[in-house]
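Notes for the structure review
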Amino acid sequence: MKTGTIADEGGEKEYTDRVLTGLTLKGKAVTTRRFYGCTFRNCEFTGAEFRFCRFNDCRFESCNLSLVKVTGSSFAGTVFKNSKLTGINWGEAAWSRLKLPAALRFEDCVLTDSSFLGLFLRETVMTKCLAKGADFREADLSLCDLSGTDLSGALFGRTNLAGANLDQARNYAIRPADNNLKDARFSMPEAMALLYCLDIKLV
């Protein structure tokens, strides 16, 4: 590997099957880099910007990506595990017109105040996460796995949750009349929240 970091203009443009550990790029810009099969481990990316980058089959493990900007960047088969991703607007990324499913996978991550507004996220995995205040309005979450995720204050409106798995998900407020819940899976007692959104009186 050449000297310097992935944020240096004179550095490498393409990385394949690399393990990148302990990178500190707080507030830095990473532009037009391509990563294939790379693993980022214990990296600090708070406030950084990934500008027109490509991440294919990559993993982020125990990384801090809070307030990261993903301007024009693409993600395919990318896994985030035990990482912090607060305040990210995923709508700024470059999404395939082919609408490929399962582009992202989140496991035990913090997704607080992140926006997925209007995105195609079919078959996305988001398990055992903290998604407090996340915005899922008008998003396609069909066949997604949201099991075990805390959805306190998360926004749902015209959201497609058909076939989604919300087993052990909690603290959600989803109005059945405003969202597609066909064949979605819920567990008790959390599913009682669906009744509270129907404006009926429980006796």
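Above this text sits the structure in question.
In what follows, the accompanying structure is described. Numbering of residues starts from 1 in each chain and follows the order in which that chain's sequence is written. Per-residue local features are limited, in this predicted model, to residues with pLDDT of at least 70; the limit for side-chain atom pairs, both in listing and counting, is 80 or more; totals at the level of whole chains, interfaces and linings are taken over all residues. Computation of side-chain values: all heavy atoms of the structure, hydrogens and water removed.

1. Comments concerning the overall build of the protein chain
Heads up, the condition is: A run of DSSP states H or I qualifies as a helix once it reaches four residues; a run of E qualifies as a strand once it reaches two. Both are numbered from the N-terminal end. For a compact globule the rule gives 2.2 Å times the number of residues to the power 0.38, and the radius of gyration it is set against comes from C-alpha atoms. Using a 1.4 Å probe on the protein chains alone, a residue whose accessible area is under 20% of its type maximum counts as buried, one over 50% counts as exposed, and one in between counts as partly exposed. In what follows, a contact means two residues having at least one pair of non-hydrogen atoms within 4.5 Å.
When its secondary structure is counted, the protein chain shows one helix and 14 strands. A compact globule built from 203 residues would reach a C-alpha radius of gyration of about 17 Å, and the protein chain, at 18 Å, matches this within 12%. The principal-axis extent of the C-alpha atoms belonging to the protein chain is close to 70 × 30 × 25 Å. For the protein chain, the proportion of its 203 residues judged to be buried stands at 46%. For the protein chain, restricting intrachain contacts to residue pairs at least 6 apart in sequence, the fraction spanning at least 24 positions comes to 12%.

2. As for the sheet that holds strand 11 (residues 104–107)
To be explicit about the condition: Two strands make a pair as long as DSSP finds a minimum of two bridges between them. Only C-alpha atoms enter the line fits that serve as axes; for helices the fit covers just the stretch in contact. Angles between N-to-C directions range over 0 to 180 degrees.
Spatially, the six strands line up as an open sheet ordered 2-5-8-10-11-12, and their pairing is parallel. With one partner strand each, in any of the chains shown, strand 2 (19–21) and strand 12 (125–127) form the two edges of the open sheet. Here the strands of the sheet are splayed against their neighbours by 10 degrees on average, with no regard to which way each runs.

3. Things to note about the nonpolar core
Stated formally: Here, the term nonpolar core denotes a set of buried Ala, Val, Leu, Ile, Met, Phe, Trp, Tyr and Cys residues that are joined through side-chain atoms within 4.5 Å.
Phe 40, Phe 45, Leu 65, Phe 80, Trp 90 and Phe 106 are the most contacted members of the largest nonpolar core, which totals 56 residues. The residues contacting Phe 40, other than those within four sequence positions of it, are Ile 6, Leu 20, Leu 23, Phe 35, Phe 45, Phe 55, Arg 59, Phe 60, Glu 61 and Cys 63.

4. Considering the packing of aromatic side chains
Applied cut-off: Here a pair means two rings of Phe, Tyr or Trp (six-membered ring of Trp) with centres within 6.5 Å. Their orientation is stacked below 30 degrees between planes, edge-to-face above 60, and tilted elsewhere.
Summed over all chains, the structure comprises 21 aromatic pairs. On the numbers, 5.7 Å between centres and 55 degrees between planes, the contact of Phe 55 with Phe 60 is tilted. Both residues of the pair, Phe 55 and Phe 60, count as buried.

5. What about the pairing of strand 10 (residues 78–81)?
Pairing between strand 8 (residues 59–61) and strand 10: three bridges, direction parallel. Looking at strand 10, one finds that Glu 61 is bridged to Lys 81.

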